[in-house]
Every structure is written in C-alpha cells, then in structure tokens.
Amino acid sequence: MSSNRRDFLRNSILGTGMLATGLTSQAASLINETSADGKRKISKQQFNMCGYSAPKLDKVRVGFVGIGDRGSGAVERMTYIEGVEITALCDIRQGAVDGAQEILAKAGLPKAKEFVAGDLGFKQLCDSNLVDLVYIATPWEWHVPVAVAAMEGDKHTAVEVSTAKTMDECWQIVEVSERTRKHCVILENCCYDFFELLTLNMVRQGVFGDLVHGEGAYIHDLDYWHFNKPQDEKMSDGAYTKMWRIHENKRKANVYPTHGLGPICQAMNINRGDKMDYLTAMMSADFTLKNRIAEKAKEDPFFQQFVGWDMRGNMDIQLIKTNKGRTIMIQHDVSSPRPYSRIHMLSGTKCFAQKWPLQHIAFGHKTADEKMMKELEEKYAPEIVRRMGEMAKKVGGHGGMDFMMDWRLIDCLRNSLPMDMDVYDAAAWSCITPLSEWSIANGSKPIEVPDFTRGAWKINQPHELTLKGGGTTGVKDLKKGGDKQLGI
Ligand SMILES: NC(=O)c1ccc[n+]([C@@H]2O[C@H](COP(=O)([O-])OP(=O)(O)OC[C@H]3O[C@@H](n4cnc5c(N)ncnc54)[C@H](O)[C@@H]3O)[C@@H](O)[C@H]2O)c1
C-alpha cells in the first residue's frame, strides 16, 4: 500500500467515527505509534525535558544561524545581555554575516567566527566547540535540520517560529532533545508581551476562575513583505531571502500558528496539566493572493515566476478541544487587507480578557475602566515585567517582548533553570501546521493532536512566573532608545 494511501486510511480512521464516542484508546494508540505523516515510529519518552535543569553555564556562548531581518535583531538584543558572548555567525550570505559583525563592533564586542559555506555551513558551527547555544532564525525549512545538528553537537538550541513544518520534524526534535538532554526552545516572543504576561499571571492567581475558551490568531496583511523583492545582499529592505515566505504560502495549512496559540497554551497549562486532544480546520478560498501576483507581474517581470501558482486561501481557522474540555480557536490570514490582530482572548468562569482589536479585561458585563486596569497591572504584572519591563522597552524588539524572551532564555541557562517553552511546546504548537493541512484537505475532519509528552503532561508543572532561582542576569549600558523591529 502506498504511504499516501496508508496515511489517508489511518487518518480517516482517526478523523471519523471516533468523535461520536470520544477518542477510542485504539485510535489514541495508533497515533502514538506512528506520526500523522506515517514516517516515524514513536518511542516511549526517554527523558522528561519539561522541568529539566541543564548544568549551569556562567557564560553563554551564542552562535547565530540565519541573520536576516529577524536574526540581526536578535544579535543586537543579545549584545545588551550580560553573560552572553556572541562567538559564531552563520548565514548563506556573506553580507548578512558582515552586517552582524558591524553590530558587534558598534557594541564594542570582538568579532565572531564566521561560517559562510552554503546551505549546510551550519554543520561546521554545530560541530565546533565555540558555542553553548545555537540561535536559529533561518527560513522554516532549515529550522529542524539546524536544531537537530545543534543538539547532536551537544548544544542547546533556540528556534524561531514556527519551529517545525512536519509531524516527522516535531517528533524528531522531541526525540533528539530527550536523548541528548539539550534544550530545544521555541522562540515564541508573543508569550512575553505585556498583556499576555499580565493575563497569564491573573490566570495563575485564580482571577479567571476556570478557563473555558481561548482565541488567538496571526492576522497580518503581509502584502508589503510578500512582494518586497530582494534588493541587495544584506536584505537591508527586510524582504524574505529568496522570497521564501511566498513559497510557504502555497501550503494550504496554518503555516504560522504559534503567535496566537503559544500564549493561550501557556494560560491553559497545555503539556503541564492539560493537553490538546484534537482539532478540526477549515480554509477559505483565495480571493486576493493570486490576483495580487498577477498585478505585480504586470508591473515587474520578476513576479512572472509566481503567476498561476495555486496559493493558500485568505483565512484558515482551527478549533481545538483540550483534554480538560476547554476550547481554543486559532485563525491565520496573511493576505486580507485588514488590521493586524493576534486576538489573544481568554474567557474564564470569572473573568474575560481580549487584546485585539481593543485591549480590555471584563468581569461579567463590567469592563475594567482605566483606573481598574492600572490596579490590575499593579497587582498582577509578573516579576519579569517588574524587573525587566522598562529596560525591555528601551532595547525594543516588538515593544520589548523580544528582549524579555531573550533575557529569560539566557537567565535560565545561567541559573540552571528549566525552560518556559520547552521542546514539547515547540512540537505541540508547531504540529498545528501538518494537522490543519490534513484536516483542510479532508473536508475539515477532526484529527488527534499527538501527546508529545507521552503522558507526562499529567505530572508536568506549569513554568515559573516568579523568576525563583534566577533573575541574576544583568543588562549592559543602554545607549539606544526606540524600536527597530515592529512588524511581527
Ligand atoms: N517571532 C517573530 O516575531 C518573528 C518575526 C519575523 C520573523 N520570524 C521568524 O524568523 C525566521 C527568519 O525570518 P526573517 O524574516 O528574518 O527571514 P529572512 O529571509 O530575512 O532571514 C533568513 C536568513 O536565513 C539565511 N539562511 C537561509 N538559509 C540558510 C541556511 N541554510 N543556513 C544559514 N542561513 C540561512 C538567509 O540568508 C537570511 O539571512 C523565520 O522563522 C520567521 O518565521 C519571527
């Protein structure tokens, strides 16, 4: 039987019938034995990376792989964090590495070793003894190959979003992280935004009662970015190198689920007390992208290469049911002309919060006024915001959340603390891509979300919000103000 047919049959079994009666144990064991794309046999958990404290690192030597728009911002942010040494830089473009060396020079830091040796140049960096942490901001297709090489090379890794593209890749990072006991952190910066952190702490303090429902999204009209063709070697205009994003948007899936989902999963303690059980997905037709490509091709022959491509639809939606009976709705739209939104809505038995389009918190019918919002912020802003919030705003990166994320990552490594966003989160949040793709292709049938923790979600503890055992990492002299990185 061809693997496609085998996959179709298995997924059909998983996707139908069982929902009338709940997921059968037979169905559950099927998906635990074989990943949804049928390639991988799932082993038992070898070691629980959730809550794992890796040996303490006084200094964290960081190597960057992928130093385009996002990676260069990360290099700059890291120059402000004490205890960080930027020792290696890797990209396929010499211009990108040169740009990062300039950032180091401006910060008065020594030059880093360069790795510019084609698509697989990262292997030399990962095999070297120059770095403790490999920070990955390449296009999506390289995330997991680099992360796996890093962990196999005895390095921790932190990977941009979305971390993995396929179910096989999701299982691969879990298995390699467990075997090597190296962290594989998903760099979901939205988990560190101010309103997300405030509401997370309010959930932890019981203000929401029981959480019932959450909504998140990535709604961002990427028209400018999609059609911003490369101008120079350094990509100084911020275009996606080799137009990688428009290539990814051929895929009929939620290819970028984690900005909306990550903060909701943290609030619901997914993988740490609850888990996502199954999802169903739907996608609209494409009403704009194909037409925009045709328009652009008339203006500039460069865009002829994309004419006639079968693009993703404008909007895709996932509905997810959790084991504790909660519901989550995720949306993704990068091609409709509308304002940016990640929604970030949490609905509990005692409290409601939503960030987009207008940030508000409500108790029943009563919406908190300005005074009450201030009181809530004073009472419930978590420790990381109290300690780092103002500095993070100065350093910047999407209003400060990027800096809080990087600082926390380094502080955890320096204090031997578990990660806020571990490999199970990376896999569970990323796997929405292949699962939504399957559901969309199969008339929105439901499909089970694998339990990457293999049962450990029942005992895993929520991550620390108090900075207990850490918070010792300082920040260097802040000469700059303002924010370079605004588009997410
Ligand atoms: N968290 C956020 O808010 C946020 C925002 C923007 C981008 N991102 C993520 O950051 C990543 C990079 O996005 P970007 O906008 O910077 O793209 P980009 O195209 O500007 O940068 C990618 C870089 O990777 C390099 N590269 C490509 N293949 C490589 C390889 N094999 N080895 C080494 N380098 C390689 C490219 O030359 C380029 O410099 C993506 O995963 C994206 O989703 C996250």
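Before reading further, recall that the structure is shown in the block above.
Asker: Explain the site of the ligand here, please?
Answerer: Taken together, 27 residues form the shell around the ligand, and within it G66, G68, D69, R70 and T241 come nearest. When residues of the shell around the ligand are traced back to their parent elements, those giving at least two are α4 (69-78) and α7 (140-152). In terms of residue count, α4 provides more of the shell around the ligand than any other element does, three residues in total. Residue composition of the shell around the ligand, by class: 15 nonpolar, six polar and six charged.

Asker: How should I be thinking about the nonpolar core in this particular structure?
Answerer: Side chains of a nonpolar character, in soluble globular proteins, are inclined to be buried together. F64, V134, A147, I173, A426 and A427 are the most contacted members of the largest nonpolar core, which has 119 residues in total. When residues in this core are grouped by element, the largest group, nine residues, is from helix α16 (residues 401-414).

Asker: What is the right way to look at the sheet that holds strand β6 (residues 184-186) in this model?
Answerer: Sheet strands line up and pair through hydrogen bonds in the backbone, either parallel or antiparallel. Taken in spatial order, the six strands line up as β3-β2-β1-β4-β5-β6 in an open sheet, and their pairing is parallel. Of all strands in the sheet, those with a lone pairing partner are β3 (113-115) and β6, marking the two edges. On average, each strand axis in the sheet is tilted by 25° relative to the strand beside it, whichever way the strands run. One ladder, built from four bridges, connects strand β1 (residues 60-65) with strand β4 (residues 133-136); its direction is parallel. Within the sheet, the bridge partner assigned to V62 lies in β4 and is L133.

Asker: Just checking my understanding: could you explain the sheet that holds strand β9 (residues 315-322) for this structure?
Answerer: An order of β14-β13-β12-β11-β7-β10-β9-β8-β15 is seen for the nine strands of this open sheet, with the pairing classed as mixed. The sheet terminates laterally at β14 (366-367) and β15 (447-448), the two strands that pair on one side only.

Asker: Whenever I open this one, helix α8 (residues 167-180) confuses me. Can you help?
Answerer: For an α-helix, 3.6 residues make a turn, and residues three or four places apart therefore share a direction. Here α8 contains 14 residues, and its C-alpha end-to-end distance of 20 Å stays within 8% of the 20 Å for a straight helix at 1.5 Å per residue. Summarising burial for α8: 12 of the 14 residues are buried, a large majority. Listed in full, the buried residues belonging to α8 are M167, E169, C170, W171, Q172, I173, V174, E175, V176, S177, E178 and T180. In the core, the buried residues of α8 are packed alongside α7, β6, α17 (423-430) and α18 (432-441). Remark: R181 follows α8 within two positions and exhibits a positive phi of approximately 55°.

Asker: Would you take a moment to explain the environment of N460 for this structure?
Answerer: As for its placement among the helices and strands, N460 is situated in the segment after β15. A tally of 22 C-beta atoms within 10 Å means that N460 is categorised as buried. When near neighbours in sequence (up to four residues on either side) are disregarded, N460 contacts C50, G51, N271, R272 and T453.

Asker: Looking at this model, I keep getting lost on the pairing of β1. Mind explaining?
Answerer: Each regular strand shows side chains that alternate between the opposite faces of the sheet. Most of β1 sits inside the fold, with five of its six residues counted as buried. Pairing of β1 with strand β2 (residues 84-90), which is carried by six bridges, proceeds in the parallel orientation. Its bridge partner lying in β2, G63 is registered against A88. As a crossover connection, the stretch from β1 through α4 into β2 is right-handed.

Asker: So what exactly am I meant to see when it comes to unusual backbone geometry here?
Answerer: One can expect most non-glycine residues to show negative phi and most peptide bonds to be in trans. Note the cis peptide between V161 and S162, where omega equals -15°. Mapping S162 onto the fold places it in the loop between β5 (156-159) and α8. Note that the residue after W356, namely P357, is joined by a cis bond; omega there is 0°. By the element assignment, P357 lies in the loop between β12 (352-354) and β13 (360-363). Unlike most non-glycine residues, M243 shows phi in positive territory, near 55°. One can find M243 in the loop between α10 (223-226) and α11 (244-248). Classification of M243 by C-beta neighbours within 10 Å gives buried; the count is 20.

Analysis parameters
- Residues numbered from 1 in each chain as written.
- Predicted model: local features only at pLDDT ≥ 70, side-chain atom pairs only at ≥ 80, totals over all residues.
- Near = placed C-beta within 6 Å.
- Helix = DSSP H or I, 4+ residues; strand = E, 2+ residues; numbered from the N terminus.
- Nonpolar A, V, L, I, M, F, W, Y, C, P; charged D, E, K, R; others polar.
- Core = buried A, V, L, I, M, F, W, Y, C linked by C-beta atoms within 7 Å.
- Buried ≥ 20, exposed ≤ 12 C-beta atoms within 10 Å, placed from the backbone.
- Pairing = 2+ DSSP bridges.
- Axes fitted to C-alpha atoms, helices over the stretch in contact; angles between N-to-C directions.
- Expected span 1.5 Å × (residues − 1).
- Contact = placed C-beta atoms within 7 Å.
- Right-handed = clockwise from strand over helix to strand, strands pointing away.

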